[in-house]
Structures are given as structure tokens and as C-alpha cells.
Amino acid sequence: MRKDKKQLIGDEIGDEQIKLFLDFEPVDATSPSLHKLIKAYRGLRIDDFGRFLAFFKEAGYDLDGKDEQGQTFVDIIKDQRNADDYIELINQARG
């Protein structure tokens, strides 16, 4: 594979499948916005997560929702291996 080509694993998913991640609701005091971000982060590839963020913002959700300990999505993932790419997408979504 050429270095300038990204390897895609799995099938392309459509917008409707990505929007399903907006349906997840928390069972604790975590904000619905944070819960949806975490579910999408765990379930979507980076490119699809970027697409998800557009739908997330369009639906009026908060990029800075917090959990019971007051942590945001960025606080929770910042120490993970691929976090920088996701954090960059969050920052871009903030504008």
C-alpha cells in the first residue's frame, strides 16, 4: 500500500448509521452530550467520528458535557494513544 493512502478496515457507514450514536442515553448523572461523545468515540473510526460531530452540533449537544466527576470528553480521553486526533476534531468543531 502506498504511504499516502489510508487503510480502511470495514465497510463505509452511512449518515443514518452515524446518527444512531445520537440516540444513546446515560444511565447515571453523566451529561447526555458526554455519553453520546464517548459512545461515538468507542464505536466509530476517526473519519466517521468527524462526521458524527457535525450531526452532534447540529442537534444542539454540548461539546463540553461533563460526567459526575466534572470531567469533559477531552479530559477523559487525553491520555489515550490516539487521543490527539480526536481532540483536534473536537477543537475544530468548537470553531
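Residues numbered from 1 in each chain as written. Predicted model: local features only at pLDDT ≥ 70, side-chain atom pairs only at ≥ 80, totals over all residues. Heavy atoms only, no water.

Draft legend 1. View of the packing of helix α3 (residues 46-58) against helix α5 (residues 83-94). Interaxial distance between α3 and α5 falls to 10 Å at its minimum, and their mutual angle equals 25 degrees. In terms of orientation, α3 and α5 fall into the roughly parallel class. Where α3 crosses over α5, the handedness of that crossing is right-handed. Across from Ile46, Phe49, Gly50, Leu53 and Lys57 in α3, the residues of α5 making contact are Asp85, Tyr86, Leu89, Ile90 and Ala93. Split into classes, the residues belonging to the contact of α3 with α5 amount to 7 nonpolar, 1 polar and 2 charged. (Axes fitted to C-alpha atoms, helices over the stretch in contact; angles between N-to-C directions. Helix = DSSP H or I, 4+ residues; strand = E, 2+ residues; numbered from the N terminus. Parallel < 35°, antiparallel > 145°, perpendicular 65-115°, else oblique. Left-handed = near helix turned anticlockwise from the far one by under 90°. Contact = heavy atoms within 4.5 Å. Nonpolar A, V, L, I, M, F, W, Y, C, P; charged D, E, K, R; others polar.)

Draft legend 2. A look at the side chain of Lys36. Of note, Lys36 is situated in helix α2 (residues 32-43). For Lys36, a relative accessible area of 0% puts it in the buried group. Polar side-chain contacts of Lys36 include one of 2.6 Å to the backbone oxygen of Phe24. Leaving out residues up to four positions away in the same chain, Lys36 has contacts with Phe21, Leu22, Asp23, Phe24, Glu25, Phe52, Phe56 and Tyr61. (Buried < 20%, exposed > 50% of the residue type's maximum accessible area, 1.4 Å probe, protein only. Polar contact = N/O pair within 3.5 Å; in protein donor to acceptor, adjacent residues only side chain to side chain.)

Draft legend 3. Structural context of the environment of Arg51. Assignment of secondary structure puts Arg51 in helix α3. By relative accessible area, Arg51 is classed as partly exposed at 25%. Residues Arg51 and Asp15 lie 36 residues apart in sequence; the distance between their C-alpha atoms is 8.0 Å. Apart from the residues lying within four places of it in its own chain, the contact partners of Arg51 are Glu12, Ile13, Gly14, Asp15 and Ile18. Engagement of the side chain of Arg51 in a polar contact is seen with the side chain of Asp48, the distance being 3.0 Å.

Draft legend 4. Quick look at the layout of surface pockets. Roughly 170 Å³ of internal volume is contained in the second largest pocket. Ranked by residues supplied to the lining of the second largest pocket, first place goes to α2 with 4 residues. (1 Å grid on protein atoms, 1.4 Å probe; cavity = no way out; pocket = protein on both sides within 12 Å on 5 of 7 lines; lining within 4 Å. Points joined across faces, edges and corners; volume = space filled by probe spheres on them.)

Draft legend 5. Spotlight on the packing of aromatic side chains. Counted under the stated rule, the structure contains 8 aromatic pairs. Aromatic rings pair up to connect Tyr41, Phe49, Phe52, Phe56, Tyr61, Phe73 and Tyr86 into one cluster. Over the ring of Phe24 we find Lys39, and its NZ or CZ is 5.3 Å from the ring centre. (Phe/Tyr/Trp six-rings, centres within 6.5 Å; stacked < 30°, edge-to-face > 60°. Lys NZ or Arg CZ within 6 Å of the ring centre and 35° of its normal.)

Draft legend 6. Broad picture of α3. With 13 residues, α3 ought to run about 18 Å at 1.5 Å a step, and its terminal C-alpha atoms sit 19 Å apart, in line with that. Here the buried face of α3 lies against α1 (15-19), α2, α4 (73-77) and α5. Trailing α3 by a residue or two, Gly60 shows a phi angle of about 85 degrees, which is positive. (Expected span 1.5 Å × (residues − 1).)

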